[in-house]
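Fold and contact review
This is what each chain is made of:
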Amino acid sequence: MTHTARRIGRTLALVLPVVMVLSGTLAVTRVQWSAHNTESQLLTAASETVSKRAKAREPQDVLRDKLLLELQEKDPGVALTELQRTVEARPSLAKHCMSIAKALGKAAVDQYGPTRAHRFSRPVCDTSFASGVAQFS
């Protein structure tokens, strides 16, 4: 008898909070904002952060995203050439060159496969692209 009661108690302790949270969430997703409007509007989860300013992205993150897009649209060779030119023009990005080249290597493997991606290797950022290709093959 005690074992059965304990089992029921544990089940309720796990299930009841989930049910309460889900029912509460469903209850507040539709809120009527004005009395004259008969249609309900959806309450967005991001409504409280709308007035906050977005954080500025780091230059290396912007460069990596740009080069990954270029790799998808053209080929890894074009992206690697652009990486090399950008690092030469902005030496402050040199410390991020290896991680960006590895990310390009991973993306090239994902898009072209390991054999074809390896053909685009060149000595940019101490051959980190080839390292990325080899690591994710």
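Residues numbered from 1 in each chain as written. Predicted model: local features only at pLDDT ≥ 70, side-chain atom pairs only at ≥ 80, totals over all residues. Heavy atoms only, no water.

1. Concerning the overall build of the chain
Definition in use: Numbering of helices and strands runs from the N terminus, with a helix taken as a DSSP run of H or I at least four residues long and a strand as a DSSP run of E at least two residues long. Only protein chains enter the accessibility calculation, which uses a 1.4 Å probe; a residue whose area is less than 20% of its type maximum is buried, one above 50% is exposed, and one in between is partly exposed. Any pair of residues with heavy atoms lying within 4.5 Å of one another is described as a contacting pair.
Across its full length, the chain holds six helices and two strands. Walking the chain from its N terminus toward its C terminus, one meets helices and strands in the order α-β-β-α-α-α-α-α. Counting every position in the chain, which comprises 137 residues, the buried fraction comes to 24%. Long-range contacts, defined here as pairs at least 24 residues apart, represent 56% of the contacts in the chain between residues at least 6 apart.

2. Structural notes on the nonpolar core
Operational definition: What is meant by a nonpolar core is a set of buried Ala, Val, Leu, Ile, Met, Phe, Trp, Tyr and Cys residues, joined one to another through side-chain atoms within 4.5 Å.
Ranked by internal contacts, the top residues of the largest apolar core, which has 22 residues, are Leu67, Leu83, Leu104 and Phe129. For this core, the elements supplying multiple residues, two or more each, are α2 (59–73), α3 (76–89), α4 (97–112) and α6 (128–135). Among the elements that line this core, the one with the most residues is α4, at eight residues. Filtering out sequence-adjacent residues up to four positions away, Leu83 remains in contact with Leu63, Leu67, Cys97, Ile100, Ala101, Leu104, Val124 and Cys125.

3. Thoughts on the packing of aromatic side chains
What counts, and what does not: In this analysis, rings of Phe, Tyr and Trp, with Trp reduced to its six-membered ring, are considered paired at centre separations within 6.5 Å, and the interplanar angle assigns stacked below 30 degrees, edge-to-face beyond 60, and tilted for intermediate values.
Scanning the model with the defined rule gives one aromatic pair in all. With centroids separated by 5.5 Å and ring planes inclined at 45 degrees, the aromatic side chains of Tyr112 and Phe120 adopt a geometry described as tilted.

4. Points about the confidence of the model for the chain
Segments scoring low in pLDDT should not have their predicted coordinates read at a detailed level. Let me state the cut-off plainly: You can read pLDDT as the predictor saying how much it trusts each residue, on a scale of 0 to 100.
On average, residues of the chain carry a pLDDT of 79, and 75% of them reach 70 or more. Per-element mean pLDDT across the chain ranges from 49 in strand β2 (residues 41–42) up to 92 in α2. The low-confidence segment residues 37–41, where pLDDT is below 50, has nine contacts with residues more than four positions distant or belonging to other chains.

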